[in-house]
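Residues per chain, in single letters:
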Amino acid sequence: MSLADSDRELVVEELGRDPTPAEAALFENLWSEHCAYRSSRPLLSAFDSEGEQVVVGPGDDAAVVALPSHGDGDGDGDGDGDGSEDSDQYITMGIESHNHPSYVDPFDGAATGVGGIVRDTLSMGAYPIALTDSLYFGDFDREHSRYLFEGVVEGISHYGNCIGVPTVGGSVDFHPDYEGNPLVNVACVGLLSADDLVTAVAQRPGNKLVLVGNGTGRDGLGGASFASEDLAEDAETEDRPAVQVGDPYTEKLLIEANEELVAENLLESARDLGAAGLGGASSEMVAKGRLGAHIELERVHQREPNMNALEILLAESQERMCYEVEPENVDRVREIAEKYDLGCSVIGEVTEENYVCTFEGETVVDVDAYFLGEGAPMNDLETESPPAPEADLPDADLEEAFDAVVGSPSTASKRWVYRQYDHEVGVRTSVPPGDDAALVAIRETGAEPRSAETSSGENRETGTGLAISAGAAPNWTSADPENGAKAVALENATNLAAKGATPLAAVDCLNGGNPEKPDVYDGFSGIVDGLAEMCSTLSVPVVGGNVSLYNDSASGPIPPTPTLAMVGTKAGYDAPPLEAAPDGELLLVGQRDDGSEFALGGSEYLAQFGGSDRFPALPDEPAAFVEALAGIADADGTLAVHDVSHGGLAVALAEMVTPDAGLEVTLSTDDPAGTLFHEAAGRALIQTTDPEAVREAFDGVAPVVALGSGTDDGTLSVAFEAEGEGESEGESKSTEETARTLTADAETIRELRSIIETELE
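Treat the numbers as computed from the prediction; the structure is a model and nothing was measured.

Draft legend 1. Seen up close, the environment of S269. Its location among the elements puts S269 in strand β8 (residues 269–272). In this structure, the C-alpha to C-alpha distance between S269 and L197, residues 72 residues apart in sequence, is 9.5 Å. When sequence neighbours within four positions are dropped, the list of residues in contact with S269 reads V198, T199, A200, V201, A202, M285, C322, Y323 and E324. Only 2.7 Å separates the side chain of S269 from the side chain of E324, close enough to count as a polar contact.

Draft legend 2. Fine view of helix α22 (residues 648–656). Burial of α22 is extensive: eight of the nine residues sit out of reach of the surface. Residues G648, L649, A650, V651, A652, L653, A654 and M656 constitute the buried set of α22.

Draft legend 3. Inspection of the pattern of salt bridges at higher detail. Going through the model one piece at a time under the given rule, you end up with 34 salt bridges. Of the charged contacts in the structure, one is a salt bridge between D552 and K517, with a shortest N-O distance of 3.2 Å. Taken together, the residues span a long stretch of sequence, with D552 in strand β21 (residues 552–553) and K517 in the loop between β19 (502–511) and α19 (518–537) at a distance of 35 residues. According to the relative accessible area criterion, K517 is partly exposed, its value standing at 31%. Residues participating in the shared-partner salt-bridge network are E260, E264, R332, E335 and K339.

Draft legend 4. Fine view of the packing of helix α18 (residues 481–498) against helix α21 (residues 622–633). Between α18 and α21, whose axes approach to 8 Å, the crossing angle comes to 20°. Put simply, α18 runs roughly parallel to α21. As for the relative orientation of α18 and α21, their crossing is right-handed in sense. Counting all contacts with α18, which are made through L490, A493, T494, A497 and A498, the residues of α21 involved are P622, F625, V626, L629, A630 and A633. Along the lines of polarity and charge, the residues of the contact of α18 with α21 split into ten nonpolar, one polar and no charged.

Draft legend 5. Structural detail: the sheet that holds strand β5 (residues 167–174). The sheet built from six strands is open, its strands ordered β1-β2-β3-β6-β4-β5 with mixed pairing. Strands with a single pairing partner mark the edges of an open sheet, and in this sheet they are β1 (54–56) and β5. Recorded for the sheet is a direction-independent mean angle of 20° between the axes of neighbouring strands. The pairing of strand β4 (residues 127–137) with strand β6 (residues 183–193) spans nine bridges and is classified as antiparallel.

Draft legend 6. Inspection of helix α25 (residues 746–753) at higher detail. Taken residue by residue, α25 has A746, I749, L752 and R753 as its buried positions. Take α25 and look down its axis: the buried residues cluster within an arc of 125°, on one side only. Buried residues in α25 make contact with α15 (398–406), α22, β29 (715–721), β30 (740–745) and α26 (755–760).

Draft legend 7. Geometry of the packing of aromatic side chains. Within this structure, the stated rule accounts for 14 aromatic pairs. Cluster of aromatic residues (ring-pair linked, three or more members): F137, F140, F149, F174 and W416. The ring of F140 has R146 sitting right over it, with the charged end atom 4.3 Å from the ring centre. Over the ring of Y370 we find R290; its NZ or CZ atom is 3.6 Å from the centre of that ring.

Draft legend 8. Region of the structure containing the pairing of strand β13 (residues 362–367). By the bridge criterion, five bridges tie strand β12 (residues 355–359) to β13 in an arrangement that is antiparallel. The residue of β13 that forms the bridge with C357 is V365. Linking β12 back to β13 in an antiparallel pair, the connection comprises two residues, with E360 at a positive phi of about 50°.

Draft legend 9. A look at the sheet that holds strand β26 (residues 662–668). The strand order across the open sheet built from seven strands is β25-β27-β24-β28-β26-β29-β30, with neighbouring strands paired in mixed fashion. Both edges of this open sheet fall to β25 (638–643) and β30, since each of them pairs with a single strand only. Here the average twist between neighbouring strands, direction ignored, is 20°. Where β26 meets strand β28 (residues 704–711), four bridges bridge the pair, whose relative direction is antiparallel.

Draft legend 10. Spotlight on the side chain of Q687. Relative to the assigned elements, Q687 resides in strand β27 (residues 684–688). At 2.7 Å, the side chain of Q687 and the backbone oxygen of D583 are in polar contact. With near-sequence residues (within four places) excluded, Q687 lies in contact with A580, A581, D583, G584, E585, L586, G637, T638, L639, A640, L663 and G710.

Draft legend 11. Looking closely at the environment of V694. Position of V694 relative to the elements: it lies in helix α24 (residues 691–697). Separated by 56 residues in the primary sequence, V694 and T638 have C-alpha atoms spaced 8.8 Å apart. Filtering out sequence-adjacent residues up to four positions away, V694 remains in contact with L587, V589, I632, I686, T688 and V704.

Draft legend 12. Examining the packing of α18 against α19 more closely. In contact at an axis separation of 7 Å, α18 and α19 are set at 40° when each is read in the N-to-C sense. If you check the angle between α18 and α19, you find them oblique. The crossing of α18 and α19 is right-handed. Facing α18, whose interface residues are P481, E482, A485, K486, A489 and L490, α19 presents G523, G526, I527, D529, G530, L531, E533, M534 and C535. Looking at the contact of α18 with α19 residue by residue, the classes come out as eight nonpolar, three polar and four charged.

Draft legend 13. Layout of the side chain of D508. Note on placement: D508 falls in strand β19. Although buried, D508 forms no salt bridge, and the nearest oppositely charged side chain, R41, lies 13 Å from it. With sequence-adjacent residues up to four places away left out, D508 is seen in contact with F47, I95, L531, V542, G544, G545, N546, T563 and L564.

Draft legend 14. Seen up close, the nonpolar core. In terms of nonpolar packing, the biggest core is built from 55 residues, with F524, L564, F625, L629, I686 and F698 touching the most fellow members. Among the elements of the structure, α18, β19, α19, β20 (542–548), β23 (561–571), β24 (585–589), α21 and β27 are those that each provide at least two residues to this core. Of all the elements, α18 adds the most residues to this core, at nine residues. Apart from residues no more than four positions distant in its own chain, F698 is found in contact with V589, F625, A628, L629, I632, I686 and V704. With 52 residues, the next largest nonpolar core counts V118, F149, V152 and V417 among its residues.

Conventions and cut-offs
- Residues numbered from 1 in each chain as written.
- Predicted model: local features only at pLDDT ≥ 70, side-chain atom pairs only at ≥ 80, totals over all residues.
- Heavy atoms only, no water.
- Helix = DSSP H or I, 4+ residues; strand = E, 2+ residues; numbered from the N terminus.
- Contact = heavy atoms within 4.5 Å.
- Polar contact = N/O pair within 3.5 Å; in protein donor to acceptor, adjacent residues only side chain to side chain.
- Buried < 20%, exposed > 50% of the residue type's maximum accessible area, 1.4 Å probe, protein only.
- Salt bridge = Lys/Arg side-chain N within 4 Å of Asp/Glu carboxyl O.
- Axes fitted to C-alpha atoms, helices over the stretch in contact; angles between N-to-C directions.
- Parallel < 35°, antiparallel > 145°, perpendicular 65-115°, else oblique.
- Left-handed = near helix turned anticlockwise from the far one by under 90°.
- Nonpolar A, V, L, I, M, F, W, Y, C, P; charged D, E, K, R; others polar.
- Pairing = 2+ DSSP bridges.
- Arc of directions from axis to C-beta.
- Phe/Tyr/Trp six-rings, centres within 6.5 Å; stacked < 30°, edge-to-face > 60°.
- Lys NZ or Arg CZ within 6 Å of the ring centre and 35° of its normal.
- Lys, Arg positive; Asp, Glu negative; His and termini not counted.
- Core = buried A, V, L, I, M, F, W, Y, C linked by side-chain atoms within 4.5 Å.

Given below as structure tokens:
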């Protein structure tokens, strides 16, 4: 990839001369789609990024959000949940993609994706406390998909485990359209106090620019431009030099050193060296402050001999940070770097003039930093909407369909993945991977331990529980980009509410194919609009994110994939399980009877058996549904709560069954397949000893349907009866008269859901 002719003309006009080779390479990378968001930025204004809880919104390395005080269970950050004051604790939220590198080199590509988002967290003054990974691959049956899958998971687990940051959640999906271009989306949450906040905005001329961390090598050259074009058929060999190679042990030292630098208030601003390397990080820092810099490139500590100016500027070697430091603090910064065996170079200083880089006395870059960072022209692209799908439904055997959907790799257990992650390091994880949402303990909220009174009147010490949910649904957004993206946002919020948490904020990773194709750009526009509208409806600000386009290959574009990482808060760290209890009534909340609840568009059922259908309708009052669910999740009578989403009711019921507890369910329906397998968002299963409390909580919000009860035999039994049958004139319908019954014991379900583990071991 090289600087486009039209871009070169703009640069020549601005500079009044031809750019030097180093300048041309900088503009090529920083004006690429990966860095400048030339096709997506015109759409991103749709997102609502403001709120009282938002401290730093989009545009920095990571967003910063204020946490409510512990005991403030309403999630609005005002402390009124128990009368306490606001907490001085903040969290950071960031998400990024490492898609192209993970195709070329799955281990290193995925590993360095983790490293990059962790350093984005460090640059805000925060300590990383949790990671999520959302992964998308081609058909699980394909050998190449499994190769990529195993390599990516190994890379994530190796890097995350070595740096001591728990991977607490995420998602894995398999879809044929990811065969030529997998996606690796990683999110990180960090924790900091208000006094420790650092930003990427350079502060004042005369301050020194200090590079701390690994030596600069030649790995990752041109990574930003590489991520801004379609993958070629020979990418796995030809593009390997564009993939960075990570060193998690150095990253761990960098994490600890950064914490010490922040604690001693030695940093004026900070930026992780990611896309476009030193040139990207340093120019963006000073551009944000409307300042300039003078950098002497030969001062950069290097790990390879005879590097030239362009290589030093653009290499994306990992585990490096660029700090702005007051002159009197430079020696102390150097001492801390040496303490942790990290390289440290004073490479230049902040100025009032242009962004200038010299190499061995020769000026190789002399440009206006703001023009370099913000001058890229935006693209005006065409869209082309596909025709609405017609109903074309398969006629599959119900038992066969149950086995296929419950045993699909996309809906099956991901234990093979998360058992490789150390999700307990840091001793914060209260609800581990495998549940609707993870829950981590934030004990730091509030200066002194406080007591929160439970609904039973019992007092207990509590802090803030931070619930985290992340993922997308490629089947949904393939079927209907806009409404599918709305459903993705609602599902993530429902996951949080199932743990009793109120949504607080979100970051997104918007993945699409080649935007120059009108149908692809139409789908991408749809996921932006859908995600923005639902998050606004839920009062969840989208505080940051990442865009990854040109996820296209010889096999075609990926589905439009809006990965969302959403957090919510609650008082305390306890949450209801998703597993059933051997007693208690089972209720389905949110099942609508408006003629659209059995629409099968976007379902795993259609993915398994073919066909098409419209996408299910969304609820009229999604925010009220989420609020009611979060409230009832912590009620005394609640035994279990589980979101109904991928795979529909069939998968949700199966996931609740354990060897010690089963479910006996009766469904009144004329369409058993539609009832079991449609995937309308905004539904949850609640098992309770107080069904009236559930009905009261959802009165006027969402329908509540009694499905059955728990049993102690470890079996799922689903009986179907035609609507209008059942109880009549005070008499119950007998088992013999029931239309049919579907049964599966816990061991059968476990075998179905262990497909990934079984096939890979």
